[in-house]
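Architecture and fold: a report
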Amino acid sequence: MKKQRCFIDLLSGWPVVFLLGLMATLWPNGSTAHPMPNSVVLLTIHGDRIDAEVQIPLSELQAAWGHAVNDSANGLVARVGPQLRDYLMKHIRPQSPDGRDWTVSVGALSVLETQNPINGMYRELVAQIRLVPPVGASSPEEAVRRFIFRYDVVLHQVVTHKILVSVRQDWARGQVSDEPPMQVGVIELDIINNRIPPLVVSLEAGSTWDGFRAMVQLGIRHISEGTDHLLFLLVLLLPAPLLVTGGPDRRLSWGEFGGIRYSFRRILMIVSAFTLGHSLTLLLGALGWIRLPGQPVEVLIALSILVSAVHAFRPLFSGRTAVSREAWVAAGFGLVHGLAFAGTLINLHLDAGPMALSILGFNLGIELMQVGIITLIIPWLLLLSQTPYYGGLRRTGAVLAGVAAIAWVIERLSGEPNAVTWVVEQMARQAWWLLGGLALLTLIGWWRLQQVKQLPFS
């Protein structure tokens, strides 16, 4: 018994945990993408309806429906689309708790086709379904949270089939689409009673505050995980404490520390201009008044980092209007970054009320994160810029940011990841260590500066 306990202790020890973790890390990703012959129903909860995305393996659908739908995806929707819609509407029947039927409509149909190295070709039907509760005693907000989901697509013939039902997005509960779906149940055959029981869906009540708070958190997370946005902001602030030397007849360069008042004025103007720029296009983009393809926007963001890196290495503007020109450039690049921010909200497909609150909350989250970063970084930059070390840090940071920007441009034009962007992402995960290094360098620089000041004739 003692030997058995020791063996169990060994199995639960850290070496086994380490090895299992290593195996999980190194295991080919393709094995985790093994397609399952089950259907998936992803629910998006709105205030007065539910939009569902239904994913059905065509091999299972063919066995249940009797039509040859798994031979080829080409032209399938055009060939049997009306019959497919009739079939789905016949087998999807949500009801209110009092037994009244909901209105069901089938929207877009498409076929997803993937090649798996183990199972070969895998095809599934993706159907967009709208479920609308009847007008009754309960409010629409309550009705979409409590209902009986009668669904037997495929399962009415293929008894081994299962339907996994999950909530993909529930704004009022603070669940947005970038989070993993929350499973609410499985529909399968009750073998003992030989019947298909309906799934009783009972979701927790939501609130406007929960939805707004989730969008603030989403804005914070979007900036904290957006390495390119973070790098642009940091490179923009890198030369902010410094004066510009040179002029019409001499090459421009960054000079000495310009003073606290001068530095704060430049930082305030740059950050305010960037905020106004991205807030404007975030609003217009989220409302659908401006829409650009994602790839050009992402390339422009990378180019904005490159221009900021060049400016951090050597000033692009001089004279009395230099600060205002910087602010205009920051506002212009802010317009580009705002379009990328808007893409996040557009993908949520929210109604007008939640969208208005989401724009406000998401932007507030972005600003809170920006203020937090500036609060953590700027004091060290202000102190370090008064030491001889700052020139090297600024030039090194500008060059590295420029290399990262060029790598992002190549990646976003080609669609292929490269080693440089991978390294940048890995470094971004060590942000707290980088901040600690900046603080340590600042302290060493100030200590050396005080040593020099104490020397005779200094």
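Residues numbered from 1 in each chain as written. Predicted model: local features only at pLDDT ≥ 70, side-chain atom pairs only at ≥ 80, totals over all residues. Heavy atoms only, no water.

1. So, the overall build of the protein chain
- Helices and strands together make up the secondary structure of the protein chain, namely 15 helices and 11 strands.
- The 458 residues of the protein chain split such that 42% are buried.
- Partitioning the contacts of the protein chain with sequence separation of at least 6, the portion at a separation of at least 24 is 71%.
- Summed over its atoms, the accessible surface of the protein chain is roughly 25,100 Å², and 64% of this surface lies on carbon and sulfur atoms. (Helix = DSSP H or I, 4+ residues; strand = E, 2+ residues; numbered from the N terminus. Buried < 20%, exposed > 50% of the residue type's maximum accessible area, 1.4 Å probe, protein only. Contact = heavy atoms within 4.5 Å. Areas by Shrake-Rupley, 256 points an atom, 1.4 Å probe, with all protein chains shown as cover.)

2. Regarding the packing of aromatic side chains
- With the rule as written, the count across this model stands at seven aromatic pairs.
- Ring geometry for W65 versus Y87: centroids 5.7 Å apart, planes at 40 degrees, classification tilted. Of this pair, W65 sits in helix α4 (residues 58–65) while Y87 sits in helix α5 (residues 76–91), and the two are 22 residues apart along the sequence. Y87 carries the same exposure label as W65, and that label is buried.
- Here a set of aromatic residues connected by ring pairs shows up, and it is made of W102, F147, F149 and Y151. (Phe/Tyr/Trp six-rings, centres within 6.5 Å; stacked < 30°, edge-to-face > 60°.)

3. Side note on the pattern of salt bridges
- Counting across every chain of the model gives 15 salt bridges.
- Of the charged contacts, one joins D351 and R49 as a salt bridge, the two residues approaching to 3.2 Å between their closest N and O atoms. Of this pair, D351 sits in the loop between α11 (322–346) and α12 (352–384) while R49 sits in the loop between β1 (39–45) and β2 (50–57), and the two are 302 residues apart along the sequence.
- Given a relative accessible area of 12%, R49 falls into the buried group.
- Residues E204 and R173 are paired through a salt bridge, measuring 3.0 Å at the closest nitrogen-oxygen approach. Of this pair, E204 sits in the loop between β9 (199–202) and α7 (208–225) while R173 sits in the loop between β7 (163–170) and β8 (182–187), and the two are 31 residues apart along the sequence.
- Its relative accessible area of 55% is what places E204 among the exposed residues.
- The network of salt bridges with shared partners includes D48, R49, D51, R130 and D351. (Salt bridge = Lys/Arg side-chain N within 4 Å of Asp/Glu carboxyl O.)

4. A look at the sheet that holds strand β5 (residues 120–132)
- In space, the six strands of this open sheet follow the order β4-β5-β2-β1-β7-β8, with mixed pairing throughout. Edge positions in the sheet fall to β4 (103–116) and β8, since each of these pairs with one other strand and no more. Between one strand axis and the next, the sheet turns through 20 degrees on average, direction left out of account.
- In this sheet, β5 lies alongside β2 in antiparallel orientation, the contact comprising eight bridges. Among the inter-strand pairings, A52 is bridged to a residue of β5, identified as I129. (Pairing = 2+ DSSP bridges. Axes fitted to C-alpha atoms, helices over the stretch in contact; angles between N-to-C directions.)

5. Overview of α7
- A rise of 1.5 Å per residue sets the reference length of α7, with its 18 residues, at 26 Å; its end C-alpha atoms lie 26 Å apart and thus fit the reference within 8%.
- If you check which residues of α7 are buried, you get D210, G211, F212, A214, M215, V216, L218, G219 and I223.
- Elements that come into contact with the buried residues of α7 comprise α8 (227–237), α11 and α12. (Expected span 1.5 Å × (residues − 1).)

6. Examining unusual backbone geometry
- In the Ramachandran plot, V154 falls in the positive-phi region, its phi being about 70 degrees despite a non-glycine side chain.
- Tracing the chain through its elements places V154 in the loop between β6 (146–151) and β7.
- For V154, a relative accessible area of 0% puts it in the buried group.
- Phi is positive for N194, close to 50 degrees, though the residue is something other than glycine.
- Tracing the sequence through the fold places N194 in the loop between β8 and β9.

7. Things to note about the environment of R314
- For R314, the location among the structural elements is in the loop between α10 (294–313) and α11.
- Here R314 falls in the partly exposed class, since its relative accessible area comes to 29%.
- In sequence terms R314 and R394 are 80 residues apart; their C-alpha atoms lie 9.9 Å from each other.
- Among the polar contacts listed, one links the side chain of R314 to the backbone oxygen of L252, at a separation of 3.2 Å. (Polar contact = N/O pair within 3.5 Å; in protein donor to acceptor, adjacent residues only side chain to side chain.)

8. Observations concerning the sheet that holds β6
- Strands sit in the order β3-β6-β9 across an open sheet of three strands; the sheet is antiparallel. The open sheet has two edge strands, β3 (92–95) and β9, and neither has a second partner. Between one strand axis and the next, the sheet turns through 25 degrees on average, direction left out of account.
- In the sheet, β6 pairs with β9 via four bridges, with the strands oriented antiparallel. Residue F147 lies in a different strand from β9, and its bridge partner there is V201.
- Relative to β3, α5 is tilted by about 35 degrees, and along the sheet it contacts β3 and β6.

9. Some points on the packing of helix α9 (residues 260–286) against α11
- Between α9 and α11, the least distance of the axes is 6 Å, while the angle of their chain directions is 35 degrees. Between α9 and α11 lies a crossing whose hand is right-handed.
- Looking at the contact of α9 with α11 residue by residue, the class counts come to 18 nonpolar, eight polar and three charged. (Left-handed = near helix turned anticlockwise from the far one by under 90°. Nonpolar A, V, L, I, M, F, W, Y, C, P; charged D, E, K, R; others polar.)

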